[in-house]
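Inside the fold
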Amino acid sequence: MHGIPAGTDFSPLLNKSLEQVCIGLHEAIFRFEDEMLLSISCSFELTVGDQIWRGKEYVAAATAFSHLLGVAINNVKITSSKQLCFEFGNGAVLVINDNEDHYESFHVQMADKFVGV
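We now turn to the structure provided with this report. (Residues numbered from 1 in each chain as written. Predicted model: local features only at pLDDT ≥ 70, side-chain atom pairs only at ≥ 80, totals over all residues. Heavy atoms only, no water.)

Before going further, it helps to examine the nonpolar core. Ranked by size, the top nonpolar core spans 33 residues in total, and within it F30, L38, I40, F86, L94, I96 and F106 carry the most contacts. Within the residue set of this core, elements represented by two or more residues are β2 (28-32), β3 (36-40), β4 (44-48), α1 (62-66), β6 (73-80), β7 (83-88), β8 (93-97) and β9 (106-110). (Core = buried A, V, L, I, M, F, W, Y, C linked by side-chain atoms within 4.5 Å. Buried < 20%, exposed > 50% of the residue type's maximum accessible area, 1.4 Å probe, protein only. Helix = DSSP H or I, 4+ residues; strand = E, 2+ residues; numbered from the N terminus.)

Moving on, we get to the sheet that holds strand β10 (residues 113-116). Reading across from one edge, β1-β2-β3-β9-β10 is the order of the 5 strands in this open sheet, with antiparallel pairing throughout. In this open sheet, the two strands that pair with only one neighbour each are β1 (18-23) and β10. For this sheet, the mean angle separating the axes of adjacent strands, direction not counted, is 10°. Inspection of the sheet shows β9 paired to β10 by 4 bridges, in the antiparallel sense. Across the sheet, the residue bridging to M110 is K113, located in β10. (Pairing = 2+ DSSP bridges. Axes fitted to C-alpha atoms, helices over the stretch in contact; angles between N-to-C directions.)

Unusually for a residue other than glycine, D34 sits at a positive phi of about 60°. Structurally, D34 is set in the loop between β2 and β3. On the accessibility criterion, D34 (47% relative accessible area) is partly exposed.

Turning next to the packing of aromatic side chains. Scanning the entire structure with this criterion turns up 3 aromatic pairs. When the centroid spacing of 5.1 Å and the interplanar angle of 90° are considered together, the rings of F30 and F65 count as edge-to-face. Highlighted residues: F30 in strand β2 and F65 in helix α1, separated in sequence by 35 residues. In this pair, the class of F30 matches that of F65, namely buried. (Phe/Tyr/Trp six-rings, centres within 6.5 Å; stacked < 30°, edge-to-face > 60°.)

Structural measurements only, silent on function.
Here it is in structure tokens:
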């Protein structure tokens with residue numbers, strides 16, 4: 001909605017393994033070890049091998065999201081003020097976009113730090 005705040009540090013997510021994926025019609029929630037959490041209600045692009053899922057169809061991408069279970073985040077990049085990219089240990093890449101004009105697009109909970117975008 002307002003973009004990723006300048007200077008936001010997502011490094012606490014590095015090397016955290018995905019433990020649970022919760023899928024809803026309008027949201028996907030990713031729970032990582034050490035009580036880290038990513039909740040998205042925005043468009044995404046998930047690349048696993050040579051397959052790509054795009055859009056906001058979380059239910060359709062549920063099987064693809066399951067390929068991330070048990071896999072750690074190797075890298076987190078802010079690719080623009082409106083885009084965040086997660087690279088996983090199995091080569092999968094999840095890109096999320098702040099493209100909601102009136103609502104929060106995603107939020108990240110990292111221990112005692114909350115980032116809402």
